[in-house]
Amino acid sequence: MRYNKVSGAKEILNNSSYVIKNPSAYKNKWHQVFGNQNPICIELGMGRGIFIMEMARRNPNKNYIGIELDSSQAATAVKNIGTKHLPNLRIICVDASLILDIFGKEITTIYLTFSEPWPKKQDEKKRFTSLNYLKLYDRIFKKNKHIVLKTDNKILFASSLENLSNYWYTFDCVSLDLHHDERKIPNVLTDFEVQYQKENRPIYYVDAKYKD
Ligand SMILES: C[S@@+](CC[C@H](N)C(=O)[O-])C[C@H]1O[C@@H](n2cnc3c(N)ncnc32)[C@H](O)[C@@H]1O
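Nothing here was measured: the structure is a model prediction, and the numbers come from that model.

A. Representation of the environment of Trp 118 within the structure. Here Trp 118 is to be found in the loop between strand S4 (109-113) and helix H6 (131-138). For Trp 118 and Asn 153, which are 35 residues apart along the polypeptide, the C-alpha to C-alpha distance reads 9.8 Å. Discounting residues that sit within four places of it in the chain, Trp 118 has contacts with Asp 123, Lys 126 and Arg 127.

See below:
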């Protein structure tokens, strides 16, 4: 799926109150940003923000931060929010590898939805479930660790299960076909997932936790 460049993306981001322009200024202070002590969940690579927006709408007692590298995607997310009132949602346009500059130990859940699979061996470290990233997450999770991952990519999924398991995560739920799973696992669709659903592609899903 290809996205078009959004002209004036930077300006759209600058003018939106949902977008945090200097996120590192709020390290260890994100509860102040939201004005409450509710759990803070982040999505890395939120794309056009369809998933995080709907999560924020359905769960007003949790806070959500969507992180997206590409300014055009982030600007489209801002456009998608439009006039909706979602006080528990914020957007950050930054590379996810910089999360340690942005968050202290204040995150409850990390959502990884249709992340870049980086299928080549030499790119393994760039996967959001590489050991490198799992070590970064250790430093932003508040207490227990909770990662929810969805992908259509077998290589990414298999390596994610392996890395999470080697890192002592346990799995609350694993599905090899989320949309047709008999357990009717609660699910909020992402932008990419809508397209894959039309193509009837199986979606791989894992809900992984590590409790001290
Ligand atoms: C395949 S898209 C999935 C978008 C969305 N999660 C969905 O499911 O519709 C992957 C997204 O991750 C973003 N991305 C890739 N690497 C990133 C990084 N290091 N930091 C933040 N975003 C990243 C891309 O720009 C792209 O928007």
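B. Representation of the nonpolar core. If you look at the biggest cluster of nonpolar residues, it comprises 35 residues, and the most contacted ones within it are Trp 30, Leu 44, Ile 67, Phe 103, Ile 110 and Tyr 137. Top element by residues in this core is H6. It accounts for four residues. Filtering out sequence-adjacent residues up to four positions away, Phe 103 remains in contact with Lys 27, Trp 30, Ile 42, Ile 65, Ile 67, Ile 92 and Ile 140. The next biggest cluster of nonpolar side chains, apart from the first, holds 31 residues, and it includes Leu 13, Tyr 18, Met 55 and Tyr 111.

C. Layout of H6. Among the residues of H6, those classed as buried are Tyr 133, Leu 134, Leu 136 and Tyr 137. Buried residues of H6, viewed axially, fall in a sector of 155 degrees; they line one side. In this structure, the buried side of H6 is in contact with strand S1 (40-44), helix H5 (99-102), S4, strand S5 (145-151) and helix H7 (154-166).

D. Region of the structure containing the site of the ligand. Neighbouring the ligand are 18 residues, the closest being Gly 45, Glu 68, Ala 96, Thr 113 and Thr 190. Taking Glu 68, its side chain carries an N or O atom lying 2.5 Å from an oxygen atom of the ligand. Measuring from a nitrogen atom of the ligand, one finds a side-chain N or O atom of Asp 95 at 3.0 Å. Calculation on the ligand without its partners gives an accessible area of 590 Å², and the protein chains cover 89% of this total. Taking a 2 Å distance to the grid points as the criterion, the majority of the atoms of the ligand fall inside the largest pocket. Looking at the shell around the ligand residue by residue, the class counts come to seven nonpolar, five polar and six charged.

E. How the structure looks around the pattern of salt bridges. Under the counting rule described, the total for this entry stands at twelve salt bridges. In this structure, Arg 57 and Glu 54 form a salt bridge, with 2.8 Å as the shortest nitrogen-oxygen distance. Highlighted residues: Arg 57 and Glu 54, both in helix H3 (residues 50-58), separated by three residues, approximately one helical turn. Salt bridges linked by common partners bring Glu 54, Arg 57 and Arg 58 together as one network.

F. Spatial organisation of the layout of surface pockets. By volume, the largest pocket is sized at about 740 Å³. Gly 45, Glu 68, Phe 114, Ser 115 and Glu 116 are the residues nearest the centre of the largest pocket, which is lined by 35 residues in total. Counting residues per element, the ones that place at least two in the lining of the largest pocket are S1, H3, strand S2 (63-68) and helix H8 (191-198). Together, 20 residues line the second largest pocket, and Met 55, Tyr 111, Val 148, Pro 186 and Tyr 205 are the ones closest to its centre. Of all the elements in the fold, those that place two or more residues in the lining of the second largest pocket are H3, S4, S5 and strand S7 (204-210). Partitioning the lining of the second largest pocket into residue classes produces eleven nonpolar, five polar and four charged.

G. Broad picture of the sheet that holds S2. Strand order in the open sheet formed by seven strands is S3-S2-S1-S4-S5-S7-S6, with mixed pairing between adjacent strands. Single-partner strands in this sheet number two, and they are strand S3 (89-93) and strand S6 (170-175). Taking each pair of neighbouring strands and ignoring which way they run, the sheet shows an average axis angle of 15 degrees. Here S6 pairs with S7 via five bridges, running antiparallel. Within the sheet, the bridge partner assigned to Ser 175 lies in S7 and is Tyr 205.

H. Examining the packing of aromatic side chains more closely. What the rule picks out here adds up to ten aromatic pairs. Here Trp 30 and Phe 103 contribute two aromatic rings whose centre-to-centre distance is 5.5 Å and whose plane-to-plane angle is 45 degrees, an arrangement assigned as tilted. Taken together, the residues span a long stretch of sequence, with Trp 30 in helix H2 (residues 30-34) and Phe 103 in the loop between H5 and S4 at a distance of 73 residues. A relative accessible area of 1% means that Phe 103 is categorised as buried. Between Phe 114 and Tyr 196 the ring centres are 5.6 Å apart and the planes differ by 55 degrees, which places this aromatic pair in the tilted class. One end of the pair, Phe 114, is in the loop between S4 and H6; the other, Tyr 196, is in helix H8, with 82 residues separating them in the sequence. Using a relative accessible area of 11% as the deciding quantity, one classes Tyr 196 as buried. Grouped by ring-pair contacts, the aromatic residues Tyr 26, Trp 30 and Phe 103 constitute a single cluster. Taking NZ or CZ as reference, Lys 126 lies 4.5 Å from the ring centre of Trp 118, over its face. One Lys or Arg, Lys 145, reaches over the ring of Tyr 210 and ends 4.3 Å from the middle of that ring.

Calculation notes
- Residues numbered from 1 in each chain as written.
- Predicted model: local features only at pLDDT ≥ 70, side-chain atom pairs only at ≥ 80, totals over all residues.
- Heavy atoms only, no water.
- Helix = DSSP H or I, 4+ residues; strand = E, 2+ residues; numbered from the N terminus.
- Contact = heavy atoms within 4.5 Å.
- Core = buried A, V, L, I, M, F, W, Y, C linked by side-chain atoms within 4.5 Å.
- Buried < 20%, exposed > 50% of the residue type's maximum accessible area, 1.4 Å probe, protein only.
- Arc of directions from axis to C-beta.
- Near = heavy atom within 4 Å.
- Polar contact = N/O pair within 3.5 Å; in protein donor to acceptor, adjacent residues only side chain to side chain.
- Areas by Shrake-Rupley, 256 points an atom, 1.4 Å probe, with all protein chains shown as cover.
- 1 Å grid on protein atoms, 1.4 Å probe; cavity = no way out; pocket = protein on both sides within 12 Å on 5 of 7 lines; lining within 4 Å.
- Sits in = over half its atoms within 2 Å of the grid points.
- Nonpolar A, V, L, I, M, F, W, Y, C, P; charged D, E, K, R; others polar.
- Salt bridge = Lys/Arg side-chain N within 4 Å of Asp/Glu carboxyl O.
- Points joined across faces, edges and corners; volume = space filled by probe spheres on them.
- Pairing = 2+ DSSP bridges.
- Axes fitted to C-alpha atoms, helices over the stretch in contact; angles between N-to-C directions.
- Phe/Tyr/Trp six-rings, centres within 6.5 Å; stacked < 30°, edge-to-face > 60°.
- Lys NZ or Arg CZ within 6 Å of the ring centre and 35° of its normal.

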